[in-house]
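Read off the chains here:
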Number of protein chains: 2
Amino acid sequence: MPQPVTHAQAATSQHRSNRESLRALVEHGDFAAAQEWLGAHQVWEIVDAIDRMGPVDAVAAFRLLDSDRAFAVFEDLEPSGQQAILEVMRGAEFSAFVDSLDPDDRARMLGELPAKVARRVLEGLSPAERAMTATLLGYPEHSAGRFMTPQVVVLREGLSVAAALARVRDRGADAETVYTLPVVDSQRRLTGVVELSELLLSDDAATVSDLVVTQPPRVRATEPAEAAARLMADSNVRDLPVVDAEDRLLGLLTFDDADEVIEDAETEDAARQGGARRWEGHYMAVSVLQLARTRAVWLVLLLAVSLLTVTVAHAFEEALEQVAALALFIPLLIGTGGKVGTQASSACVRALAIGEVRPSDLARVTMREAATGLLLGAGLGLLAIGAGLWFTGLDVAVVVGVSLLLICLLGALVGGLSPLVARRLGIDPALVSAPVVTTVVDVLGLVIYFLVASMMLGL
Amino acid sequence: MPQPVTHAQAATSQHRSNRESLRALVEHGDFAAAQEWLGAHQVWEIVDAIDRMGPVDAVAAFRLLDSDRAFAVFEDLEPSGQQAILEVMRGAEFSAFVDSLDPDDRARMLGELPAKVARRVLEGLSPAERAMTATLLGYPEHSAGRFMTPQVVVLREGLSVAAALARVRDRGADAETVYTLPVVDSQRRLTGVVELSELLLSDDAATVSDLVVTQPPRVRATEPAEAAARLMADSNVRDLPVVDAEDRLLGLLTFDDADEVIEDAETEDAARQGGARRWEGHYMAVSVLQLARTRAVWLVLLLAVSLLTVTVAHAFEEALEQVAALALFIPLLIGTGGKVGTQASSACVRALAIGEVRPSDLARVTMREAATGLLLGAGLGLLAIGAGLWFTGLDVAVVVGVSLLLICLLGALVGGLSPLVARRLGIDPALVSAPVVTTVVDVLGLVIYFLVASMMLGL
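Owing to the predicted nature of the structure, the values given are computational and were not obtained by experimental measurement. (Residues numbered from 1 in each chain as written. Chains lettered and ligands numbered in written order. Predicted model: local features only at pLDDT ≥ 70, side-chain atom pairs only at ≥ 80, totals over all residues. Heavy atoms only, no water.)

Caption draft 1: Inspection of the relation of the copies chain B and chain A at higher detail. Note on the identical chains: chain B maps onto chain A by a rotation of 180° and an axial translation of 0.0 Å, with an RMSD of 0.1 Å. Both copies are brought into coincidence by an operation consistent with a two-fold rotation axis. (Least-squares fit on C-alpha atoms with pLDDT ≥ 70 in both.)

Below, the structure written as structure tokens:
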């Protein structure tokens, strides 16, 4: 528990606590200054600071918080930090923390905890909370069901506005949001949604059925949370009803959980697009070994494929020995092809992610990317012929130019189509990363180069 | 204006309208089926369909909408579509559409319209709306001021809960949101924020000052909208107060505008990370020539830099002629270096974007990425020596392995540090794209390879 800070301590540490980071203060054992720092910052700033620390320091910093803010901070920490903190807690304190979490946050935390800790957490819950958590844990990982809040205020169509407002006042305290009020029929099937502002701003003679928006966007609990969050962004919806297969209301996906889902999905996309696996947790808190592991898989895989470039070059070794100038342009040619491919793939991965392109657009995207690749290749090919003349004769320069045209076409096609094909095959398009595209273009581009050279130079 | 659809037409087109896209129906002039399609879809689905069309088809499809939904659709269209529609409108209809937009949406649309059309739009507005729009247009592009809504319900600390609720009922109809209620002092300086749900759920004896959250997160109107939207996501805030330099309240940035800002910023980051400029509008609606133009600038620039690889290879041409086997491994070596660099840069760009890494972390990030690069390089180098023995002798294989170790270190450092250095220089880190990193690593990697070869093989 936090110790009282004397005025003298406060005065000397004041200056330092504003300039130094919480991490540095905790690392140096300057707990008085750290406590000062905590007092002077908002909850979300504290969360960010603790997320950056290793588990030991994170627990130490967390212990310095006064108990009011500790709940709020705990709720927003990364699961790895929550886990470290839970491990050092005992008894009543432990239960209080686990109980303080929203059911959906708790279910997600439990999903990432080791089984032993998770069991202890579940045992510490009240029966009602345990039942709610178990239900949420029953939905697949990354599904909308895992992220929804089951605690919502539900209305019936027949209610008057006054009765509906009374119901909100009556039941609203337990709900995570009262701004979006789902309307259901007698079988609890979702028939519409009413905004709290509509209720409040209409006159009392109105009924819920006058204000209800029917056929609202909704999502099945088993559908991916990312699809639900994208639907919310597209349809400008604050909270999205989550239903079961019979369209019965199960809960709401709220805006803040949707933000978290999108940020997570984008971070995963960014990692995959860069050719790495997503790591769990904060970039600064993850160990170097973990970082290396997320990157090693793809590198080793792609190294194996890259050996094909050695094989291709080996097959044309005689040509390389006859015209040594050919070797000079290898990095330029395959490098440019990889860049054209990277541009096309990142455009298509993004367009797929935000729904601007669908798998059914395959034919149109092929045409567009092929045309773009040819345009770029024609321009770059001419430039390359001009530049090539500085280093070699016209014959090799023309070979370079023609190869570049074809390699740009290849790059645009590989980069533009692979994400769409991946999506059709049920693979995340973001896995078609810059490294994957460049590796494919490296191998095929070399083949093109040597074939063009063999034909045009008669090797 | 829409024409009535007969039952016979409806019956025959029913089947087609469900399967075919709106674009195909409009292209084929099948307006009855298109109208059917519009009737069967939600506003946001219609917006998405129209965004995918060229301007002529977009206007034709828009004309088929009944006037109730036309406003809602118009509001959410891409600016290019809004512009095409405004250009064919005249007189009263024109003014009605422009007036129907929220002031912030209108200001952003105006910012992207050609000056002639923008002037016509401003002239068509009522004096009050024109003043509000002009104020928002006074803030820099991409600033929070451009995206905020100035129409908010403001409270004073002294108010009772009942009086505050009465004020919300009274003034709420014009406001874009009533869920977040800023509290200001007599100089209109922001002192706190009250949630509507808190007002509604508290007992009537309470006052606003009992419920107010003081020192809420806020943003200056001139600050970038992206920073404001990230702050909202970090602090789980639904609507963010926007203030001037004296902390006086100017408006609120609402959750849906923040979503739009983030999606836009991420799309721009994705384009830049792929080595292209961001294009305006929908991927499917943009012309091939525009697509090629967004990509050509970087390609030509990087082609010029890539010529350095030719120069480097040229300088070591004698070595290449003495040991032709060296040429075989060029694509493998620089390819792998580029991949390690791409992984590191995309991790750091993302961590910077979401605030996990700050420019002040430069030293720690250097250490982490150097260690990661060495680890990966050591592993890959050993694999490469083993693989190299299939194609060449031990001496060249060891040269390849040692070069790969150094090139991986190089790649991780270039990829990891450039985004941070860019941010310190005030350049968008996302411009440190995969193509830029691979180009730098290509040139320096070749130098490393030939130097290692010269020293170890005594060339």
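Once you've had a look at it, read on.
Caption draft 2: Fine view of the UniProt feature "transmembrane region" (unreviewed entry) in chain A. Here, the residues flagged by UniProt with the feature "transmembrane region" (unreviewed entry) are residues 296-316, 322-340, 370-391, 397-418 and 430-452 of chain A. Within residues 322-340 of chain A, the helical portion is 84% and the strand portion 0%, while the C-alpha atoms at the span's ends are 30 Å from each other. (UniProt positions renumbered as here; feature names shortened; annotations may be inferred. Helix = DSSP H or I, 4+ residues; strand = E, 2+ residues; numbered from the N terminus.)

Caption draft 3: Summary view of a nonpolar patch on the surface. Residues A:V402, A:L406, A:M455 and A:M456 make up a contiguous nonpolar surface patch of roughly 370 Å² in combined accessible area. Sorting the residues of the nonpolar patch by element identifies helix 23 (394-424) and helix 24 (434-457) of chain A as the ones contributing at least two each. (Patch = residues over 30% accessible without salt bridge, like charges linked within 9 Å, V, L, I, M, F, W, Y side chains within 5 Å. Areas by Shrake-Rupley, 256 points an atom, 1.4 Å probe, with all protein chains shown as cover. Salt bridge = Lys/Arg side-chain N within 4 Å of Asp/Glu carboxyl O.)

Caption draft 4: View of the sheet that holds strand 5 (residues 240-243) of chain A. Residue and element names in this part refer to chain A. Spatial ordering of the open sheet is given by 4-5-6, a layout of three strands whose pairing is mixed. Looking at strand neighbours, the two that pair on one side only are strand 4 (219-220) and strand 6 (249-253), the edges of this open sheet. Judged from the four bridges that link them, strand 5 and strand 6 form a sheet pairing that is antiparallel. Each residue of the ladder has a partner; that of V243, found in strand 6, is L249. (Pairing = 2+ DSSP bridges.)

Caption draft 5: Structural view of the pattern of salt bridges. For the coordinates displayed, the defined rule picks out 27 salt bridges over all chains. A salt bridge links A:R248 to A:D244; the nearest nitrogen and oxygen atoms lie 3.1 Å apart. For A:R248, a relative accessible area of 34% translates into the label partly exposed. Residues B:E268 and B:R272 are paired through a salt bridge, measuring 3.4 Å at the closest nitrogen-oxygen approach. In this pair, B:E268 and B:R272 are both assigned in helix 17 (residues 255-273), four residues apart and thus about one turn of the helix distant. Of the residues examined, B:E268 reaches a relative accessible area of 26% and is grouped as partly exposed. B:R272 gets classed as partly exposed once you look at its relative accessible area, which sits at 23%. (Buried < 20%, exposed > 50% of the residue type's maximum accessible area, 1.4 Å probe, protein only.)

Caption draft 6: Structural context of the sheet that holds strand 3 (residues 213-214) of chain A. Spatial strand order, 1-2-3 (chain A): three strands in an open sheet with antiparallel pairing. Each edge of the open sheet carries a strand with a single partner, namely strand 1 (180-184) and strand 3 of chain A.

Caption draft 7: Quick look at the packing of helix 22 (residues 362-388) of chain A against helix 18 (residues 288-315) of chain B. Axis separation between helix 22 of chain A and helix 18 of chain B bottoms out at 10 Å; the angle between their running directions is 30°. Relative to helix 18 of chain B, helix 22 of chain A is oriented roughly parallel. Here the hand of the crossing between helix 22 of chain A and helix 18 of chain B comes out right-handed. In contact with A:R368, A:E369, A:A371, A:T372, A:L375, A:L376, A:L380, A:L383 and A:A387 of helix 22 of chain A, helix 18 of chain B contributes B:V288, B:L289, B:L291, B:A292, B:R295, B:A296, B:L299, B:V300, B:L303 and B:L307. Each residue belonging to the contact of helix 22 of chain A with helix 18 of chain B can be placed in one class, and the counts come to 15 nonpolar, one polar and three charged. (Axes fitted to C-alpha atoms, helices over the stretch in contact; angles between N-to-C directions. Parallel < 35°, antiparallel > 145°, perpendicular 65-115°, else oblique. Left-handed = near helix turned anticlockwise from the far one by under 90°. Contact = heavy atoms within 4.5 Å. Nonpolar A, V, L, I, M, F, W, Y, C, P; charged D, E, K, R; others polar.)

Caption draft 8: Expanded view of the packing of aromatic side chains. In the structure shown here, the tally under the stated rule is seven aromatic pairs over all chains. Between A:Y179 and B:Y179, the aromatic rings sit 3.8 Å apart at their centres with planes inclined by 10°, giving stacked as the arrangement. Separated into two different chains, A:Y179 in the loop between helix 13 (161-171) and strand 1 and B:Y179 in the loop between helix 13 (161-171) and strand 1 (180-184) make up a pair that spans both. Grouped by ring-pair contacts, the aromatic residues A:F316, A:Y449 and A:F450 constitute a single cluster. Here A:R368 stacks its cationic end above the ring of B:Y283, 5.2 Å away from the centre of that ring. (Phe/Tyr/Trp six-rings, centres within 6.5 Å; stacked < 30°, edge-to-face > 60°. Lys NZ or Arg CZ within 6 Å of the ring centre and 35° of its normal.)

Caption draft 9: Representation of the UniProt feature "domain: CBS" (unreviewed entry) in chain A. All names here are of chain A. Per the UniProt annotation, the sites labelled "domain: CBS" (unreviewed entry) are residues 148-211 and 212-268. Along residues 148-211 one finds 33% helix and 17% strand; the C-alpha atoms at either end are 24 Å apart. Segment residues 212-268 splits into 42% helix and 23% strand. End C-alpha atoms: 37 Å apart.

Caption draft 10: Seen up close, the state of the cysteines. Evaluated as defined, the whole model comprises zero disulfides over all chains. Free of any disulfide, B:C348 has its nearest neighbouring cysteine sulfur in B:C408, separated by 16 Å. (Disulfide = S-S within 2.5 Å.)

Caption draft 11: Geometry of the packing of helix 18 (residues 288-315) of chain A against helix 21 (residues 330-353) of chain B. Taken N-terminus to C-terminus, the directions of helix 18 of chain A and helix 21 of chain B make an angle of 155°; their axes are 9 Å apart at the nearest point. With respect to their mutual orientation, helix 18 of chain A and helix 21 of chain B come out roughly antiparallel. The interaxial crossing formed by helix 18 of chain A with helix 21 of chain B has right-handed handedness. Mapping the contact onto sequence places A:R295, A:W298, A:L299, A:L302, A:L303, A:S306, A:L307, A:T309 and A:V310 in helix 18 of chain A and B:P331, B:L332, B:T336, B:K339, B:V340, B:Q343, B:A344 and B:A347 in helix 21 of chain B. Residues that form the contact of helix 18 of chain A with helix 21 of chain B fall into these classes: 11 nonpolar, four polar and two charged.

Caption draft 12: View of helix 17 of chain B. An ideal rise of 1.5 Å per residue puts 27 Å on 19 residues; helix 17 of chain B measures up with 26 Å between its terminal C-alpha atoms. Looking one or two residues beyond helix 17 of chain B, the residue adopting positive phi is B:G275, at roughly 85°. (Expected span 1.5 Å × (residues − 1).)

Caption draft 13: Focus on the interface of chain B and chain A. Tallying the contact residues gives 113 residues for chain B and 113 residues for chain A. Of the roughly 10,200 Å² buried between chain B and chain A, counting both surfaces, carbon and sulfur atoms make up 63%. There are seven salt bridges connecting chain B and chain A. As a salt-bridge pair, B:R295 and A:E369 come within 2.9 Å of each other at their nearest N and O atoms. Seen at the junction of chain B and chain A, the total is 39 residue pairs in polar contact (both at pLDDT 80 or more). Looking at the side of chain B that touches chain A element by element, the count peaks at 18 residues for helix 18 of chain B. Taken together, the residues of the side of chain B that touches chain A sort by class into 62 nonpolar, 25 polar and 26 charged. (Buried area = accessible area lost by both parts, 1.4 Å probe. Polar contact = N/O pair within 3.5 Å; in protein donor to acceptor, adjacent residues only side chain to side chain.)

Caption draft 14: Region of interest: the nonpolar core. Ranked by internal contacts, the top residues of the largest apolar core, which has 83 residues, are A:F329, A:Y449, A:F450, B:F329, B:Y449 and B:F450. If near-sequence neighbours (up to four positions away) are discounted, B:F450 is found in contact with B:V312, B:A313, B:F316, B:L320 and B:I330. Within the second largest apolar cluster, 38 residues are counted, among which are A:L200, A:V208, B:V178 and B:L200. (Core = buried A, V, L, I, M, F, W, Y, C linked by side-chain atoms within 4.5 Å.)

Caption draft 15: Spotlight on the layout of surface pockets. Residue and element names in this part refer to chain B. In this structure, the second largest pocket spans a volume of roughly 380 Å³. Surrounding the second largest pocket, 19 residues form its lining, P79, S80, G81, E280 and G281 being those nearest its centre. For the lining of the second largest pocket, the secondary structure elements donating two or more residues are helix 4 (43-51), helix 5 (55-63) and helix 7 (79-87). With five residues, helix 7 is the single largest residue contributor to the lining of the second largest pocket. Class assignment for the residues of the lining of the second largest pocket results in eight nonpolar, seven polar and four charged. (1 Å grid on protein atoms, 1.4 Å probe; cavity = no way out; pocket = protein on both sides within 12 Å on 5 of 7 lines; lining within 4 Å. Points joined across faces, edges and corners; volume = space filled by probe spheres on them.)

Caption draft 16: Structural view of the environment of B:F31. Inspection of the secondary structure puts B:F31 in helix 3 (residues 31-39). Not counting chain neighbours up to four residues away, the residues in contact with B:F31 comprise B:V26, B:A60 and B:L64.

Caption draft 17: Representation of the domain arrangement of chain A in the model. All names here are of chain A. The assigned domain composition of chain A is domain 1 (7-142), domain 2 (161-272) and domain 3 (288-457). One C-alpha centre belongs to domain 2, the other to domain 3; they are set 46 Å apart. With both sides pooled, the region where domain 2 packs onto domain 3 buries about 550 Å², and carbon together with sulfur makes up 39% of that total. Three residues, R230, D269 and R272, lead the burial of domain 2 against domain 3; their summed loss comes to 82% of the area buried on that side. Taken together, the connections running from domain 2 to domain 3 amount to two salt bridges. The salt bridge partner of D428 is R272, with a shortest N-O separation of 2.5 Å. Linking domain 2 to domain 3 there are three residue pairs in polar contact (both at pLDDT 80 or more). Ranked by the residues each element gives to the side of domain 2 that touches domain 3, the list is headed by helix 17 (residues 255-273), at four residues. Tallied by class, residues from the side of domain 2 that touches domain 3 come to no nonpolar, no polar and five charged. (Domains from an automatic or database assignment.)

Caption draft 18: Representation of a positive patch on the surface. Taken together, A:R90, A:K116, A:R119 and A:R120 make up a surface patch of like positive charges. Tracing the backbone shows A:R119 in helix 10 (residues 115-123). (Lys, Arg positive; Asp, Glu negative; His and termini not counted. Charge placed at Lys NZ, Arg CZ, Asp CG, Glu CD.)

Caption draft 19: Molecular detail of the pairing of strand 1 of chain A. Residue and element names in this part refer to chain A. With five of its five residues buried, strand 1 lies for the most part within the structure. Burial along strand 1 is two-sided: T180, P182 and V184 facing one way and L181 and V183 facing the other are all buried. Where strand 1 lies against strand 2 (residues 190-195), five bridges are found, and the strand directions are antiparallel. Within the sheet, the bridge partner assigned to T180 lies in strand 2 and is E195. Counting the residues that bridge the hairpin from strand 1 to strand 2 gives five residues, and of these R188 lies at a positive phi of roughly 60°.

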